[in-house]
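Chain residues, written in single-letter form:
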Amino acid sequence: MKKIYLYMASVVAAWCCLACSEDAIEPNPLEPDYFLEPEGSSPVIAALQKEFHQKENIYLLFNDTLYRESIGTDGNGNPCYRYTTIDMTYGMTNNLIENQNIFEYDYLASDSEKESATAFVREKVLPSLGSALRPYSVLLVNRIDYYQDSYGDLALTNPAVYAGWQATAIAVEGVADMTEEEQNAYKMSLLKSMVANKITAADETLFEEFYSFSAPHYGTLYMNEAAEAFIAQYPTLYDIGLLSAYAYGWNGNMWICNLYQPKEDDLKDYTNALFDMQESEFRETYAQYPIVLKKYDILKKIVSDMGVIF
């Protein structure tokens, strides 16, 4: 299946000089709207893209190539084109990072696949996104291959979703064959990934109240008599508002309370709980632990303010 590669700047520059060229999209009201009428759409999909944008106010894409313009021929007489593409690194402020992130996509092939993917996003994902999370455009593909610089090498990951300034790419391979329950679970995993990115970028002061309940216990370690005394005061992790720890209790040889994990792990645990458990299940499970429920409510409010509609 055809793929469009976004190479590092030096490679792109050399390629442009020798053959054709590829530009990142720069919004310009004087030019045609290539997001609305991208290159290569069949009549059926072109109609779907226009209807989707009209109803959702979000552009619908299935390929990161928006426009192909003929710019003549090369020295051998071969046709040469300029490609206008979605740049997922657009807006990154660090040039080194921008030039060392590469995105490749395994595209949806048939119109029916594209229609099924669109229905999933429209019916499952978008109703849970408030205005703060609704993207400028969605790029629906089978798989996202993200190569990121790691100590001089390119490390491959396959994120289910990647939110850029120009588009949010979503991997939707197999959604048409999922059961209703599986689609709902996948939707929640997508939302969790979106929120995790916003949490990482958020000012830490936003979580001060959340952290305050368990702050005295982050990074602590008690052993033997000290651990036994601590557990006598706080019989479970949940009594101090934590959902996990490296160790808590009698391990067969000694009493130990190892709470040495960073506070960010506490936030991650509650974020997972928000999206991996039904709220009714969570409240029933931790009904006897008021600190846990309080922290859950605080984080849910923060996440709601970020744009998630529960």
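For the structure itself, look to the data block above.
Within every chain, residues take consecutive numbers counted from 1 along the sequence as written. Given that this is a predicted model, residues contribute local features only at a pLDDT of at least 70 and side-chain atom pairs are listed and counted only at 80 or more, while totals for whole chains, interfaces and linings are drawn from all residues. Hydrogens and waters are ignored; side-chain quantities use all the structure's heavy atoms.

### Focus: the overall build of the protein chain
Here is step 1 of the chain: In terms of regular secondary structure, the protein chain is built from 10 helices and 13 strands.
Here is step 2 of the chain: For the protein chain, the residues scored as buried account for 41% of the 310 residues in total.
Here is step 3 of the chain: Contact between two residues is taken to exist if any of their heavy atoms lie within 4.5 Å; hydrogens are not considered. Long-range pairs, those at least 24 residues apart, make up 68% of the contacts in the protein chain with a sequence separation of at least 6.
Here is step 4 of the chain: For the area figures, the Shrake-Rupley method with a 1.4 Å probe applies, and any residue is considered shielded solely by the protein chains shown. By element, 51% of the accessible surface of the protein chain is carried by carbon and sulfur atoms, the whole surface being about 16500 Å². Strands here are runs of E lasting at least two residues and helices are runs of H or I lasting at least four, both read from the DSSP assignment and numbered beginning at the N terminus. The buried label goes to any residue with under 20% of its type's maximum accessible area, the exposed label to any with over 50%, and the partly exposed label to all in between, with areas taken from a 1.4 Å probe on protein chains only.

### So, the packing of helix α8 (residues 263–276) against helix α10 (residues 290–306)
Here is step 1 of the chain: Note on geometry: axes are C-alpha line fits, over the in-contact stretch for helices, and angles between N-to-C directions span 0 to 180 degrees. With their axes 10 Å apart at the nearest point, α8 and α10 run at an angle of 75° to one another. Looking at the two axes, α8 sits roughly perpendicular to α10. The segment α8 lies against α10, with Asp-266, Leu-267, Tyr-270, Thr-271, Leu-274 and Phe-275 engaging Val-292, Lys-295, Tyr-296, Leu-299, Lys-300 and Val-303. Roughly parallel covers angles under 35 degrees, roughly antiparallel covers those over 145, roughly perpendicular covers 65 to 115, and oblique covers all other angles.

### Considering the sheet that holds strand β10 (residues 168–171)
Strands belonging to one sheet form pairs held by backbone hydrogen bonds; the direction of such a pair is parallel or antiparallel.
Here is step 1 of the chain: DSSP-based pairing: two strands are paired if at least 2 bridges between them are found. Read across the sheet, 4 strands follow the order β2-β6-β10-β9 without closing on themselves; strand pairing throughout is mixed. The sheet terminates laterally at β2 (59–61) and β9 (161–163), the two strands that pair on one side only. Neighbouring strand axes in the sheet, compared pairwise and without regard to direction, differ in orientation by 15° on average.
Here is step 2 of the chain: Direction of pairing for β9 relative to β10: antiparallel, over a ladder of 3 bridges. In the strand pairing of β10, Val-161 is matched with Ile-170.
Here is step 3 of the chain: Strands in contact with helix α2 (residues 43–56) are β2 and β6 (137–141); relative to β2, the strand with the most contacts, it is inclined by about 150°.

### Regarding the pattern of salt bridges
Here is step 1 of the chain: We count a salt bridge whenever a side-chain nitrogen from Lys or Arg sits within 4 Å of a carboxyl oxygen from Asp or Glu. In total, this model carries 14 salt bridges according to the counting rule given.
Here is step 2 of the chain: Salt-bridge contacts for Arg-134 lead to Glu-56; the nearest nitrogen and oxygen are separated by 3.3 Å. Separated by 78 residues along the polypeptide, Arg-134 in the loop between α4 (111–125) and β6 and Glu-56 in helix α2 bring together distant segments of the chain.
Here is step 3 of the chain: The partly exposed category is assigned to Arg-134, whose relative accessible area is 29%.
Here is step 4 of the chain: The shortest N-O distance in the salt bridge between Asp-297 and Arg-283 comes to 2.4 Å. In this pair, Asp-297 sits in helix α10 while Arg-283 sits in helix α9 (residues 279–285), placing the two residues 14 residues apart along the sequence.
Here is step 5 of the chain: Here the residues in one salt-bridge network are Glu-51, Lys-55, Glu-56, Arg-122 and Arg-134, joined through shared partners.

### Observations concerning the environment of Pro-32
Here is step 1 of the chain: Examined against the element boundaries, Pro-32 turns out to sit in the loop between β1 (21–24) and α2.
Here is step 2 of the chain: Through-space distance from the C-alpha of Pro-32 to that of Tyr-67 is 10.0 Å; in sequence the pair is 35 residues apart.

### A short note on the nonpolar core
Here is step 1 of the chain: Judged by nonpolar contacts, the single largest core of 74 residues is most densely connected at Tyr-105, Leu-140 and Phe-282.
Here is step 2 of the chain: The dominant element in this core, judged by the number of residues it contributes, is α10, at 8 residues. What makes a nonpolar core is a set of buried Ala, Val, Leu, Ile, Met, Phe, Trp, Tyr and Cys residues whose side-chain atoms join them at distances within 4.5 Å.

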